[in-house]
Amino acid sequence: MAEKFLFGLPVVTWLLVVAPFTVFWFLPLVLAKIILNRQQGTGID
Amino acid sequence: MIELLYLAFFILYTITILWFGKHGFDRVNSVRDFYLAGSTLGLVASVCTFAATWFSAASMLGLPGSLYAYGYAAIPYSIFGWFIGAAFIVLMSVRLRKYDVVTIPEFFRVRYQSKLMQAMGGLVIVFGYIFYIIIQIRGFGIVMSSLLDIPYSFSILFIYLFILYTTFGGLHSVTRTDVVNLLLIFGGSLLSAYFIVQSAGGITNLHLAAAEINTEVLAGSGEITPRGSLLHPFAMGLQPPLFLITAFCGWGLGLAANPQYAMRILSARDTRTAALMVGIAVLLLGFIYIAIILAGIGSRVMLPTAPVDSIDMVFPYIIDRVLHIKLGGLILISIIAAALSTANSQLLIIASGLTYDIYKNYSNSYISEEKFINLNRVAIAAGGTISLLLAVNPPQGLLVFGSNIWGIVAATFLFPLYGGLFWRSATRQGAIASFLGGLIVSVGWLRIYYNYLVGTPAEIIHPAFPGVLVSFLLFILISKLTAQTKKQETNT
């Protein structure tokens, strides 16, 4: 089966490198928002 | 003409740093002011100092060098771990701020009621950061010798003066200069990506050209890049999955346990600022890394074999000798900014380790705040001088060297720190055993790895892994055992 490409980059690299990069990139901010929202809900600081 | 432009950029940068750095001196009245800017930093200042401290010469020189050699496989090796490590720091931020402490080793003393833990923490900080600052001095030296056409050993004297000046004013000075440095890092990385991608004919053409490269990485090195490996997630076996996964013990867990970031949590105004600081800083850093990724791989397309001695020298070589643009000086200055902004933060932590966690921890004699802060300045000068002397013959491969040091930090700090914050059953004995066991195994394993394992199948396990594993096992086992003994003693 022929290898597929997107912007000249193999799809396997999009899946194994670019996609996790994007997830990990936003992870700290999402986590911070979740924790702060929970704290606000419980009134704990 | 271009040399004059470079000199002008450097003079302008020097004046800016001197101007921004001097204000910190007026605002230091206590140890908390000196180490933590009085724990008053707002969101913008916190984000700038966190991101600028994070983005060091390892990111600005080592990472483009690794991308040049291994392509996309350099991303899971380093950036994945860094971002996941940052998520750990977010978790830490909420709990850590409940303790009234000034340093992380002091947290060990308070949590485990152990002066020994504080002193051991201080000792690892002093040695670990003295070695890590070599990375920054080397990065600065490489760029300065390109920028002003002067020998490396002479050029590193400049960063010595820069870091001493910006650190003497404490975290207030460091933070103010970090704002300038972050702006330069942001601008420099985006500019370099723009010019390199443009010269490659766009992102798709850059990838198509990179896929065809099968040349030697560095002239005369004998290391050949297999065709297609620059775009392969594991560089076609050059960076095997097991190596990339275990490398997380160095970069990822080392970053998560790193006192330089934990100190930023303590210097933030409140818990909300601390948690958001990490998330927003990583968001900004993500854009910078995308630029560095394109610039690093694009550099290989522009120059498939680099006539330099080390992959760390590739990026400044491309900017200075291949790209030929008027803004090249600004990009080179941004590398200096990355090195300086990390070095001054680390030097401040070396001083806290030596004076606060070791000297003040064990000394019973009274010392005034003013005298103590001056003692810190002496420690800063001493730490900077030792790093400078060691940087005269620096290690090659900044990214690999950095991951090894962070591996030692992970093997010592990680479990006593996070276990102390999140696990009630963590005991003093467990923390001491974990710290000492992790230290001995991680340092010993580095010698074994580089003397006996390189070139064998065992090479694919990152050298940070055994130390972290031993540290984890000792922490859990000894804590459970001593907690049980304590419980039995209480019952009888």
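Rules used throughout
- Residue indices follow the written sequence of each chain, beginning from 1 at its first position.
- All chains are assigned letters beginning with A, and all ligands numbers beginning with 1, in the order in which they are written.
- For a predicted model such as this one, the threshold for reporting local features is a pLDDT of at least 70, and the threshold for listing and counting side-chain atom pairs is 80 or more; totals across whole chains, interfaces and linings nevertheless cover every residue.
- Counting from the N terminus, the helices are DSSP H or I runs at least four residues long and the strands are E runs at least two residues long.
- Three exposure classes are used, all based on how many other C-beta atoms lie within 10 Å of a residue's own C-beta (placed from the backbone): buried at 20 or more, exposed at 12 or fewer, and partly exposed between those limits.
- Only the stretch in contact is used when fitting a helix axis, every axis being a line fitted to C-alpha atoms; angles between N-to-C directions are given from 0 to 180 degrees.
- The labels follow the angle: roughly parallel below 35 degrees, roughly antiparallel above 145, roughly perpendicular from 65 to 115, and oblique for the rest.
- Throughout, a pair of residues is in contact if the C-beta atoms placed from their backbones lie within 7 Å.
- Side-chain classes are defined by residue name, with Ala, Val, Leu, Ile, Met, Phe, Trp, Tyr, Cys and Pro counting as nonpolar, Asp, Glu, Lys and Arg as charged, and the others, Gly among them, as polar.
- In a left-handed crossing the near helix is turned counterclockwise from the far helix by less than a right angle, and in a right-handed crossing that turn is clockwise.
- What we call a nonpolar core is a set of buried Ala, Val, Leu, Ile, Met, Phe, Trp, Tyr and Cys residues whose membership is set by joining through C-beta atoms within 7 Å.
- UniProt positions are given in the numbering used here, feature names are shortened, and annotations may be inferred rather than shown by experiment.
- To estimate the expected span of a helix, count its residues, drop one, and scale the result by 1.5 Å.
- Arc definition: directions from the helix axis to the C-beta atoms.

**Description of the overall build of chain A**
Then, in step 1: The helix and strand tally for chain A stands at 1 helix and 2 strands.
Then, in step 2: Seen in sequence order, chain A has helices and strands lined up from the N terminus as β-β-α.
Then, in step 3: The proportion of buried residues among the 45 residues of chain A is 24%.

**A few points about the packing of helix α15 (residues 314-323) of chain B against helix α16 (residues 328-362) of chain B**
Residue and element names in this part refer to chain B.
Then, in step 1: Axis separation between α15 and α16 bottoms out at 10 Å; the angle between their running directions is 170°. Judged by the angle between their axes, α15 and α16 are roughly antiparallel. Contacts between α15 and α16 involve Pro316, Ile319, Asp320 and Leu323 from the former and Gly328, Ile331, Leu332 and Ile335 from the latter.
Then, in step 2: Tallied by class, residues from the contact of α15 with α16 come to 6 nonpolar, 1 polar and 1 charged.

**Observations concerning the packing of helix α7 (residues 115-148) of chain B against α16 of chain B**
All names here are of chain B.
Then, in step 1: α16 packs onto α7 with a crossing angle of 160° between their chain directions and a minimal axis gap of 8 Å. Compared by their axis directions, α7 and α16 come out roughly antiparallel. The interaxial crossing formed by α7 with α16 has left-handed handedness.

**Regarding the nonpolar core**
Then, in step 1: The biggest cluster of nonpolar side chains holds 195 residues, and the ones touching the most others in it are Ala51, Ala57, Phe140, Ile159, Val278, Ile350 and Ala410 of chain B.
Then, in step 2: Among the elements that take part in this core, α16 of chain B stands out by supplying 19 residues, more than any other.

**Considering the interface of chain A and chain B**
Then, in step 1: The interface of chain A with chain B comprises 20 residues on the first partner and 28 residues on the second.
Then, in step 2: Within the residue set of the side of chain A that touches chain B, elements represented by two or more residues are β2 (9-10) and α1 (11-42) of chain A.
Then, in step 3: Considering every element that reaches the side of chain A that touches chain B, the biggest residue donor is α1 of chain A, with 15 residues.
Then, in step 4: Looking at side-chain class alone, the side of chain A that touches chain B contains 17 nonpolar, 2 polar and 1 charged residues.

**Some thoughts on the environment of Leu164 of chain B**
Then, in step 1: By secondary structure assignment, the location of Leu164 of chain B is in helix α8 (residues 152-168).
Then, in step 2: Ignoring sequence-local partners within four residues, the contact set of Leu164 of chain B consists of Ile380, Ala381 and Gly384 of chain B.

**So, the environment of Pro307 of chain B**
Then, in step 1: For Pro307 of chain B, the location among the structural elements is in the loop between α14 (271-302) and α15.
Then, in step 2: The exposure class of Pro307 of chain B is exposed, given the 12 C-beta atoms found within 10 Å.

**Comments concerning the environment of Leu388 of chain B**
Residue and element names in this part refer to chain B.
Then, in step 1: Inspection of the secondary structure puts Leu388 in helix α17 (residues 369-390).
Then, in step 2: Under the C-beta neighbour-count criterion, Leu388 is labelled partly exposed, with 19 such atoms within 10 Å.
Then, in step 3: Counting along the chain gives 280 residues from Leu388 to Phe108, while the straight-line C-alpha distance between them is 30 Å.
Then, in step 4: Once you skip the residues sitting within four places of it in the chain, Leu388 turns out to touch Ile137, Ile156 and Tyr160.

**Comments concerning the UniProt feature "transmembrane region" (unreviewed entry) in chain A**
Then, in step 1: Within this numbering scheme, the UniProt entry marks residues 12-36 of chain A as carrying the feature "transmembrane region" (unreviewed entry).
Then, in step 2: Segment residues 12-36 of chain A splits into 100% helix and 0% strand. End C-alpha atoms: 36 Å apart.

**Here's the deal with helix α1 (residues 2-22) of chain B**
All names here are of chain B.
Then, in step 1: A rise of 1.5 Å per residue sets the reference length of α1, with its 21 residues, at 30 Å; its end C-alpha atoms lie 31 Å apart and thus fit the reference within 8%.
Then, in step 2: Inspection of α1 places Tyr6, Phe9, Tyr13, Ile17 and Gly21 among the buried residues, and these make up the whole buried set. Projected down its long axis, α1 shows its buried positions confined to an angular sector of 85°, all on one face. Across α1 from its buried face, at more than 90 degrees, point the exposed residues Leu4, Ala8, Ile11, Ile15 and Trp19.

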